[in-house]
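# Chains, contacts and geometry: an overview
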Amino acid sequence: MIKLEKKLDEFLSFSQLVALNSDFTLDTIVLKKEVYQSSTFVTRVLELSSKEEILELKRLRVINDIPVSIETSFLRAGLLPNINRYNFEKESLYKTIENNFNRKVSFTNEEILIVRATKDEANQLNIQFGSDLTMIKGISFDQYNNAIEYFESVNIPELYTFQS
Amino acid sequence: MNKPTETYPLYLIVKDKLKQKILTWNFLDGYELPSERDLAEELHVSRMTVKRALAILENEGYIYRIQGKGTFVHHSNLTNKIDIGDKSYIGLLQTVEKEGKKATTHVISFERVTLTNAVVGHFDHQYSEFYELKRVRYVDNEPFSVQVTYLPYEEFIDAERYDFSIHSIYDFLEIHNQVPVIFKKELSVTIPSEEVMEHLKINRSKNLFQLICIGLNQDNTPVEVTYSYFNSSMVKFSYSTKSFD
């Protein structure tokens with residue numbers, strides 16, 4: 001049973017959380033990596049004064065050969081020039097941002113919902129269309145209090161327990 | 001659909017209809033909306049009317065469009081949900097009423113029980129006798145949550161004198177000067193027991209939020225433990241994290 005214990009008050013990236021358990025091996029598959037003008041929705045959620053270039057990065061997370069999570073990040077490409085040239089199958093997103101752009105995630109505001117799997121999500125996670133998923137969505141802020149990312153992840157329901 | 005009037009034109013009626021569809025999960029298929037032409041045909045209106053309605057929904061953040069690809073629903077924007085997370089108030093009653101909704105409670109049972117399970121551990125093994133209070137909480141008359149609260153019998157023997165369909169646990173604890181000041185929470189997503197499903201009027205096996213909340217007083221002593229099961233379509237759980245690096 002693959003279980004991750006997420007602390008409700010401490011920020012840890014997915015890869016850091018998985019690394020806490022020595023029995024888990026993490027593989028990442030990049031499903032989408034595209035730069036385009038932000039949608040109205042993302043512009044509003046990030047409270048941008050106008051539409052900006054956004055990198056949409058969608059990754060499938062696989063633990064011990066079991067697909068468990070699809071993470072979608074919408075990153076402010078303007079703050080992170082040429083970020084789309086990194087290979088996020090091998091490199092951690094947050095480490096890349098920290099090492100190359102001098103921005104560290106300082107805090108996040110997040111929400112958990114239960115939602116139903118789309119056809120694509122069902123295919124990628126090997127589950128039934130319409131079955132339940134735990135969704136986590138939120139905004140990451142850097143040490144300068146800039147919103148740098150809006151993220152949404154959908155996860156198989158038994159993956160996470162959340163603790164404070 | 002309603003008939004349009006001078007002050008409420010057709011495109012606004014269409015917007016409401018589409019928004020309702022979005023909010024009730026009628027667009028499950030990859031969250032992609034049908035084309036403008038298909039929507040116009042389905043609703044028996046012109047394509048221009050659909051276009052105008054969609055423009056408003058995009059502005060309001062319910063949908064987004066990718067040029068050349070299509071129009072998609074953001075299920076993350078379905079915020080007709082009550083927040084039961086860290087941004088909510090201490091009690092469900094206040095949380096719900098703050099949203100302008102009506103909260104009511106039905107007490108299923110109130111019993112003295114002897115326990116040996118995880119509940120005992122949450123109280124640091126200080127007690128084995130408890131009051132077990134089972135309640136169904138309703139929001140605008142819809143079953144919203146089933147809550148099972150444990151209070152140590154010897155500390156709160158007078159709990160039986162209170163009507164917990166009217167008074168909250170916290171009002172009762174306040175009388176004892178034992179209002180929790182810290183909460184340890186554990187949230188998971190599980191399929192609940194049949195009893196819980198029945199009270200929440202859920203007829204098929206479905207994943208719900210299970211929230212275990214341990215209320216600690218100012219001396220860091222656990223005074224109450226509540227297991228809550230929430231109708232997942234009505235809630236979200238918010239919180240904030242900090243990097244400790």
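Predicted, not measured: the structure shown is a model, and the values here were computed from it. (Residues numbered from 1 in each chain as written. Chains lettered and ligands numbered in written order. Predicted model: local features only at pLDDT ≥ 70, side-chain atom pairs only at ≥ 80, totals over all residues. Heavy atoms only, no water.)

As a further point, take the overall build of chain B. The helix and strand inventory of chain B stands at 7 helices and 10 strands. Here the C-alpha radius of gyration of chain B, 23 Å, is well above what a compact globule of 245 residues would show, namely 18 Å. Projected onto the principal axes, the alpha-carbon positions of chain B cover approximately 70 × 50 × 35 Å. Sorting the 245 residues of chain B into buried and exposed places 51% on the buried side. When contacts within chain B are restricted to residue pairs at least 6 apart in sequence, long-range pairs at least 24 apart make up 57% of them. Surface exposure of chain B reaches about 12700 Å², of which carbon and sulfur atoms provide 45%. When the 28 basic and 34 acidic side-chain charges of chain B are each reduced to a single mean position, those positions are 10 Å apart. (Helix = DSSP H or I, 4+ residues; strand = E, 2+ residues; numbered from the N terminus. Rg over C-alpha atoms; globule rule 2.2 N^0.38 Å. Buried < 20%, exposed > 50% of the residue type's maximum accessible area, 1.4 Å probe, protein only. Contact = heavy atoms within 4.5 Å. Areas by Shrake-Rupley, 256 points an atom, 1.4 Å probe, with all protein chains shown as cover. Lys, Arg positive; Asp, Glu negative; His and termini not counted. Charge placed at Lys NZ, Arg CZ, Asp CG, Glu CD.)

All names here are of chain B. Located in the positive-phi region is histidine 44, a residue other than glycine, with phi close to 60 degrees. Relative to the elements of secondary structure, histidine 44 occurs in the loop between helix H2 (36–43) and helix H3 (47–59). Positive phi, normally seen in glycine, also occurs at aspartate 124, with a value near 60 degrees. Note on placement: aspartate 124 falls in the loop between helix H5 (118–122) and strand E5 (129–139). Its relative accessible area of 49% is what places aspartate 124 among the partly exposed residues.

Where two aromatic rings form a pair, the distance of their centres and the angle of their planes describe that pair. All names here are of chain B. A complete count under the given rule lists 20 aromatic pairs over all chains for this structure. Aromatic side chains tyrosine 150 and tyrosine 227 sit 6.2 Å apart centroid to centroid with 85 degrees between the ring planes, which places their arrangement in the edge-to-face category. Taken together, the residues span a long stretch of sequence, with tyrosine 150 in strand E6 (residues 142–152) and tyrosine 227 in strand E9 (residues 222–230) at a distance of 77 residues. Residue classification places tyrosine 227 among the buried residues on the basis of a relative accessible area of 12%. Each member of the aromatic cluster is reached from another via a ring pair, and the members are Phe110, Tyr131, Tyr153, Phe156, Tyr162, Phe164 and Phe172. Stacked on the ring of tyrosine 153, the Lys or Arg arginine 112 has its end atom at 3.9 Å from the ring centre. (Phe/Tyr/Trp six-rings, centres within 6.5 Å; stacked < 30°, edge-to-face > 60°. Lys NZ or Arg CZ within 6 Å of the ring centre and 35° of its normal.)

Here we take up helix H3 (residues 93–101) of chain A. Residues and elements named next belong to chain A. What H3 keeps buried is the set Leu93, Tyr94, Thr96, Ile97 and Phe101. Taken down its axis, H3 places every buried residue within 160 degrees of arc, on the same side. Each element contacted by the buried residues of H3 is listed here: strand E3 (53–63), strand E4 (66–76), strand E5 (105–116), strand E6 (132–142) and strand E7 (147–155). Remark: asparagine 102 follows H3 within two positions and exhibits a positive phi of approximately 55 degrees. (Arc of directions from axis to C-beta.)

On to the packing of H2 of chain B against H3 of chain B. Residue and element names in this part refer to chain B. Where H2 meets H3, the axes come as close as 8 Å, and the angle between the chain directions of the two elements is 110 degrees. Taken together, H2 and H3 sit at an angle that is classed as roughly perpendicular. You can see that H2 and H3 cross each other, and the crossing is right-handed. Mapping the contact onto sequence places Glu36, Arg37, Leu39 and Ala40 in H2 and Arg47, Val50, Lys51 and Leu54 in H3. Classifying every residue of the contact of H2 with H3 gives 4 nonpolar, no polar and 4 charged. (Axes fitted to C-alpha atoms, helices over the stretch in contact; angles between N-to-C directions. Parallel < 35°, antiparallel > 145°, perpendicular 65-115°, else oblique. Left-handed = near helix turned anticlockwise from the far one by under 90°. Nonpolar A, V, L, I, M, F, W, Y, C, P; charged D, E, K, R; others polar.)

Okay, the sheet that holds strand E10 (residues 235–242) of chain B next. Taken together, the 8 strands give an open sheet; going across it, the order is E2(A)-E3(A)-E4(A)-E7(A)-E6(A)-E5(A)-E10(B)-E3(B), and neighbouring strands pair in mixed fashion. Each of the sheet's edge strands pairs with one partner strand only, and the pair in question is strand E2 (26–37) of chain A together with strand E3 (82–83) of chain B. (Pairing = 2+ DSSP bridges.)

It is worth spelling out the pattern of salt bridges at this point. Under the criterion given, the structure shown has 14 salt bridges over all chains. For glutamate 36 of chain B, the salt bridge goes to lysine 51 of chain B, with nearest N and O atoms at 3.4 Å. Of this pair, glutamate 36 of chain B sits in helix H2 while lysine 51 of chain B sits in helix H3, and the two are 15 residues apart along the sequence. Accessibility expressed as a relative area gives 15% for glutamate 36 of chain B, which makes it buried. You can call lysine 51 of chain B partly exposed: its relative accessible area is 41%. What emerges from the salt-bridge pattern is a single network uniting Arg59, Arg61 and Glu71 of chain A. (Salt bridge = Lys/Arg side-chain N within 4 Å of Asp/Glu carboxyl O.)

Shape descriptors only; they carry no functional weight alone.
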